[in-house]
Amino acid sequence: MIVVERSQAVIDACRAASAPLRLVAAEDEDEDEDEDEDGLPRPVRVVREDAFDFFARRASKPTPSTLLVLLDAYDGRGKVPARVAGDAFLRLVGASLVPGGHCVCNLWNGPLGSNEAVNLETFERALARRVGVVERARVTAQEYNVVVAAAKTRRRR
């Protein structure tokens, strides 16, 4: 498992919560070693970089190798950042996924016709265009929190 996070504060918070993380350089992201210097198992590799750069590198490989992408895709105001919602980023995510791979996104909805609902629908269309079939599920006990999953059905660029 590879986690991509650009914020050292988030990485530190996960470590403080005893998450089995091992910080690796971007060029070592695919190594098989799961132990840290202390000899403890740390199966979750963390690459500290911007996700756009990470997926640009992954998408440039001759064969896609990513099985699953999990995106916490909205900011503190419930909006998908333009860089994440943009066609360039979603194209890179789609290009890095193996056929049958998935991109699962934690998103925010809103009342019918609201800006949030329109933004969500726009994001879903873009995700479908660059990845594949999209399904949406509401999060139980969260009025407007949704999870959107896209399954890569064929090679897309």
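Since the model is a prediction, treat every value here as computed from it, not as a measurement. (Residues numbered from 1 in each chain as written. Predicted model: local features only at pLDDT ≥ 70, side-chain atom pairs only at ≥ 80, totals over all residues. Heavy atoms only, no water.)

Let us now look at the packing of aromatic side chains. According to the stated counting rule, one finds five aromatic pairs in the structure shown. Taken together, a centroid distance of 5.8 Å and an interplanar angle of 80° make the contact between phenylalanine 55 and phenylalanine 89 edge-to-face. Within this pair, whereas phenylalanine 55 is found in helix H2 (residues 51-59), its partner phenylalanine 89 is found in helix H4 (residues 87-96), the two being separated by 34 residues in sequence. Take phenylalanine 89: its relative accessible area is 3%, and that puts it in the buried class. Here tyrosine 74 and tryptophan 108 contribute two aromatic rings whose centre-to-centre distance is 5.6 Å and whose plane-to-plane angle is 50°, an arrangement assigned as tilted. Within this pair, whereas tyrosine 74 is found in the loop between strand E4 (66-72) and helix H3 (82-85), its partner tryptophan 108 is found in strand E5 (residues 97-108), the two being separated by 34 residues in sequence. Tyrosine 74 sits in the partly exposed class, given a relative accessible area of 23%. (Phe/Tyr/Trp six-rings, centres within 6.5 Å; stacked < 30°, edge-to-face > 60°. Helix = DSSP H or I, 4+ residues; strand = E, 2+ residues; numbered from the N terminus. Buried < 20%, exposed > 50% of the residue type's maximum accessible area, 1.4 Å probe, protein only.)

This part covers unusual backbone geometry. Not every positive phi belongs to a glycine, and serine 18 is a case in point at roughly 65°. Note on placement: serine 18 falls in the loop between helix H1 (8-16) and strand E2 (21-24). For serine 18, a relative accessible area of 62% gives the class exposed. Look at alanine 141: it is not a glycine, yet its phi comes out positive at around 65°.

Turning next to the state of the cysteines. Using the criterion set out here, one finds zero disulfides in the structure. Cysteine 103 takes part in no disulfide bond, and the closest cysteine sulfur to it belongs to cysteine 105, at a distance of 3.8 Å. Classification of cysteine 103 as buried rests on a relative accessible area of 0%. (Disulfide = S-S within 2.5 Å.)

In short, geometric facts, not functional conclusions.
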